Amino acid sequence: MDTFDVIVVGAGHAGCEAALAASRMGAKTLLVTINIDHIAFMSCNPAVGGIGKGHLVKEIDALDGEMAINTDTAGIQFRILNMKKGPAVRSTRIQTDKMRYAMRMKARLEHQENLYIRQGIIERLIVEDKEVVGIETRWGERFYGRAIILTTGTFLNGLIHIGLEHFEAGRMGDFPSVGLSLCLKELGFQIGRLKTGTCPRLDGRTIDFTRLEAQESDDPPRPFSFLTKKIKNRLVPCYLTYTNMTTHEAIMSGLDRSPLYTGKIKGTGVRYCPSIEDKIVRFRDKERHRIFIEPEGLDTVEYYPNGLATSLPLDIQMAMLRSIRGLENVEITRPGYAIEYDFVYPTQLYPTLETKLIKNLYLAGQINGTTGYEEAAAQGLMAGINAALRVKGGDGFILGRDESYIGVMIDDLVTKGVDEPYRMFTSRAENRLLLREDNADLRLTEKGYAIGLVSKKRYDMVVRKKKKIEKTHDILRSVKLRPTRQTEDMLRDMGLGGIKNPVTLEDLLKKPGITIAQLKRIEERLDGIEEDIAYQVELNVKYHGYKDRQIEMINRAKRLEEKKIPQDMRYDEVSGLSREMVEKLTRIRPLSLGQASRIPGITPAAITALLIHFKKQGVI
């Protein structure tokens, strides 16, 4: 019972996906967490998805991860963001019931074959000859494993700040992990310090919702998972309000007791999700900031004021809140706070998320410098896959930047590193037209099935979907319209001009505003085409030229990716490289010329110098 194939430390969003992936691939897996009652606990806003983040969740789902299905089950508000923009940047965001999300995930873990759960605080790693072989808890228990995955979240040396008061914690109400952080430093890892924060929670009975702007769910609600056919959950609205100049004055009056502005907090915060005091200071010209009042669940009165993350003293938090429309009489159930924690600089990892320093040790989630449930879960999934493959003696599973947002994120982390908490955006993906939410299953499910991760049911579903898409394309290409009077009348009824030469239905579909639904009037074989199939076909046709150009760029980039770099490479022997470049290349140890080209500071001339050196050495 004390020896396992894979051991996962931490049961947040990264740990849950890692443990499920490894156990589903046949590895005997142990999940160790400080508090079993807090498995998959949402420390911040109980919502999943958003711009770029929703793409990650869809990809997790395409690889048979659990986050999407869990979110669909616990969802209480469903919205598709950026619907007025192009399909590449549309993202799903779902507000969940916090307790139902955690309880369902805990149950899913407890009933997973090959997976065992234990409560404990890990003090150190057991390492022999630069290879991890086990873990040791605070009370002396030892568990041995062939691969270890650390998913410690904000628990490494965690320190909570509320005003000028601070105390050690992994999050509010949980112990920190101090010994493990010290162990990693002793093993030689370069450790940094980051900061994140959360909002106060509000008593909904003291909120005047009549003074707030309601935001209802989309109708019909669209699920995250490709397996979820219909949402039958009870849905509730979120609400919108704004700060004002009185709010800003209250915040400014407390800056002399703010840990952020008195130097108490040393860690770097999230630039794209700053605290409200940081917003007020940095954007003094803004007269107001949006605040979303979001429910924590169906069976609780607590609400989350999204946009009001703060570490200000409690009296300032109260004054700030009560200056906002609809919150004039509000009561706080839990204060907002900031938390500092240790992380490992991710350039010390391979793209498999295995550490370069210690063999068979994998890191996933906030320990790698990311922020957000979705980023953590995606890393956990990949670490779980690669740990299981290592145990089975298989090759690593690495997704490229051209294949997935997961690939973009991991490549950014291990190649560029972080100097602030990393958050996913669609703008980070240079091939985002090909990496849409809606085609994540078409891109990734077969890859997951090939390594023994994805179920046969999901795989068969994707194979059928691809056949239906191709069949629809065949119909569109096979039907040709000729310039007759009957055709002219029909096209005029559809709001189209006449044609001078024969055209296929595919040619017609390329025109702006034309959909497959309209083409059904011309070709009866298009009747019965499912909505998601029609959507894929329409995008394939309308964006054909853009996609071809992106594919051409990807193929050019792949030539550099295919040129592998020996891991014992001596960069100081390469003529034409500066000392700074030699240092960066030696530290990061890129696997290919493609990865080397993405390291900040590595110029095209340096890549040419490497190519010339490799040719002289007969490496390529």
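Residues numbered from 1 in each chain as written. Predicted model: local features only at pLDDT ≥ 70, side-chain atom pairs only at ≥ 80, totals over all residues. Heavy atoms only, no water.

### Describing the overall build of the chain
Inference 1: Of the regular secondary structure elements, the chain holds 20 helices and 22 strands.
Inference 2: Computed over C-alpha atoms, the radius of gyration of the chain comes to 26 Å, within 12% of the 25 Å expected from 2.2 N^0.38 for 620 residues, which places it in the range of a compact globule.
Inference 3: Of the contacts formed within the chain by residues at least 6 apart in sequence, a portion of 72% connects residues at least 24 apart.
Inference 4: Carbon and sulfur atoms provide 49% of the accessible area of the chain, an area that totals close to 26700 Å².
Inference 5: Positive and negative charge centroids in the chain, built from 93 and 82 side chains respectively, lie 4 Å apart. (Helix = DSSP H or I, 4+ residues; strand = E, 2+ residues; numbered from the N terminus. Rg over C-alpha atoms; globule rule 2.2 N^0.38 Å. Contact = heavy atoms within 4.5 Å. Areas by Shrake-Rupley, 256 points an atom, 1.4 Å probe, with all protein chains shown as cover. Lys, Arg positive; Asp, Glu negative; His and termini not counted. Charge placed at Lys NZ, Arg CZ, Asp CG, Glu CD.)

### Some thoughts on the layout of surface pockets
Inference 1: Looking at the second largest pocket, its volume works out to about 1100 Å³.
Inference 2: Forming the boundary of the second largest pocket are 30 residues, of which Lys58, Arg222, Pro223, Glu531 and Asp532 lie nearest the centre.
Inference 3: Those elements that provide at least two residues to the lining of the second largest pocket are helix H12 (456-478) and helix H16 (531-542).
Inference 4: When the residues that make up the lining of the second largest pocket are grouped by side-chain class, the tally is 12 nonpolar, four polar and 14 charged. (1 Å grid on protein atoms, 1.4 Å probe; cavity = no way out; pocket = protein on both sides within 12 Å on 5 of 7 lines; lining within 4 Å. Points joined across faces, edges and corners; volume = space filled by probe spheres on them. Nonpolar A, V, L, I, M, F, W, Y, C, P; charged D, E, K, R; others polar.)

### Quick look at the pairing of strand E19 (residues 337-344)
Inference 1: Burial runs high along E19: eight of the eight residues are buried.
Inference 2: Of the two faces of E19, the one carrying Tyr337, Ile339, Tyr341 and Phe343 and the one carrying Ala338, Glu340, Asp342 and Val344 are both buried.
Inference 3: Relative to E19, strand E10 (residues 159-162) is paired through three bridges, and the arrangement is antiparallel. For histidine 161, the partnering residue across the bridge sits in E19 and is alanine 338.
Inference 4: As defined by bridge partners, strand E12 (residues 191-198) adjoins E19 across eight bridges and the pair is classed as antiparallel. Bridging from a neighbouring strand, isoleucine 191 pairs with valine 344 of E19. (Buried < 20%, exposed > 50% of the residue type's maximum accessible area, 1.4 Å probe, protein only. Pairing = 2+ DSSP bridges.)

### A short note on the nonpolar core
Inference 1: If you look at the biggest cluster of nonpolar residues, it comprises 97 residues, and the most contacted ones within it are Leu125, Leu150 and Ile385.
Inference 2: Counting residues per element, this core draws most heavily on helix H9 (residues 373-392), which supplies 12 residues.
Inference 3: Both domains that meet at this core, namely domain 1 (2-152 + 183-195 + 341-450) and domain 2 (201-339), each give it at least three residues.
Inference 4: If sequence neighbours within four positions are ignored, leucine 125 has contacts with Val132, Gly134, Ile135, Ile148, Leu150, Leu180, Cys183, Leu184, Leu187 and Leu361.
Inference 5: Ranked by size, the runner-up nonpolar core spans 25 residues in total, among them Val462, Ile499, Ile516 and Ile529. (Core = buried A, V, L, I, M, F, W, Y, C linked by side-chain atoms within 4.5 Å. Domains from an automatic or database assignment.)

### Concerning the sheet that holds strand E18 (residues 332-334)
Inference 1: Strands sit in the order E14-E15-E16-E17-E13-E18 across an open sheet of six strands; the sheet is antiparallel. Because the sheet does not close on itself, it has two edges, and the strands there are strand E14 (213-215) and E18. Each adjacent strand pair in this sheet contributes to an overall mean axis angle of 35°, direction not counted.
Inference 2: Where strand E13 (residues 201-203) lies against E18, two bridges are found, and the strand directions are antiparallel. Counted as the bridge partner of leucine 202 is isoleucine 332 from E18. (Axes fitted to C-alpha atoms, helices over the stretch in contact; angles between N-to-C directions.)

### Examining unusual backbone geometry
Inference 1: Between aspartate 219 and proline 220 the backbone carries a cis peptide bond, its omega angle lying at 0°.
Inference 2: Relative to the assigned elements, proline 220 resides in the loop between E14 and strand E15 (238-242).
Inference 3: The backbone of leucine 353 shows a phi angle near 75°, a positive value even though the residue is not glycine.

### Things to note about the packing of helix H2 (residues 53-62) against H9
Inference 1: Two elements in contact, H2 and H9, have axes separated by 9 Å at closest approach and are oriented at 30°. On the basis of the axis angle, H2 is roughly parallel to H9. Two packed elements cross with a definite hand, and for H2 against H9 that hand is left-handed. Residues Lys53, Leu56, Val57 and Ile60 of H2 pack against Glu374, Glu375, Ala377, Ala378 and Leu381 of H9.
Inference 2: Grouping the constituent residues of the contact of H2 with H9 by class yields six nonpolar, no polar and three charged. (Parallel < 35°, antiparallel > 145°, perpendicular 65-115°, else oblique. Left-handed = near helix turned anticlockwise from the far one by under 90°.)

### Some thoughts on the pattern of salt bridges
Inference 1: Within this structure, the stated rule accounts for 54 salt bridges.
Inference 2: In this structure, arginine 271 engages glutamate 420 in a salt bridge whose closest nitrogen and oxygen atoms are separated by 2.8 Å. One end of the pair, arginine 271, is in the loop between helix H6 (245-252) and helix H7 (276-282); the other, glutamate 420, is in the loop between helix H10 (405-416) and helix H11 (440-450), with 149 residues separating them in the sequence.
Inference 3: Residue classification places arginine 271 among the partly exposed positions, given a relative accessible area of 44%. (Salt bridge = Lys/Arg side-chain N within 4 Å of Asp/Glu carboxyl O.)

### Focus on the sheet that holds strand E4 (residues 75-81)
Strand pairing within a sheet occurs via backbone hydrogen bonds; the two strands may be parallel or antiparallel.
Inference 1: Strand order in this open sheet of three strands is E3-E5-E4, and the pairing throughout is antiparallel. Looking at strand neighbours, the two that pair on one side only are strand E3 (47-49) and E4, the edges of this open sheet. The average undirected angle you get between the axes of adjacent strands in this sheet is 15°.
Inference 2: Across six bridges, E4 lies against strand E5 (residues 91-96) in antiparallel orientation. Residue pairing in the sheet places leucine 81 in a bridge with serine 91 of E5.
Inference 3: Packed on one face of the sheet, helix H3 (residues 67-74) meets E3, E4 and E5 and runs near 115° to E4.

### With respect to the domain arrangement of the chain
Inference 1: Taken domain by domain, the chain comprises domain 1 (2-152 + 183-195 + 341-450), domain 2 (201-339), domain 3 (456-548) and domain 4 (562-617).
Inference 2: Using only C-alpha atoms to locate each centre, domain 1 and domain 3 end up separated by 39 Å.
Inference 3: For the pair domain 1 and domain 3, the two sides together bury roughly 1500 Å², of which 60% comes from carbon and sulfur.
Inference 4: Among the residues domain 1 hides against domain 3, the three largest losses belong to Leu442, Glu446 and Tyr449. Together they make up 36% of the total. (Buried area = accessible area lost by both parts, 1.4 Å probe.)

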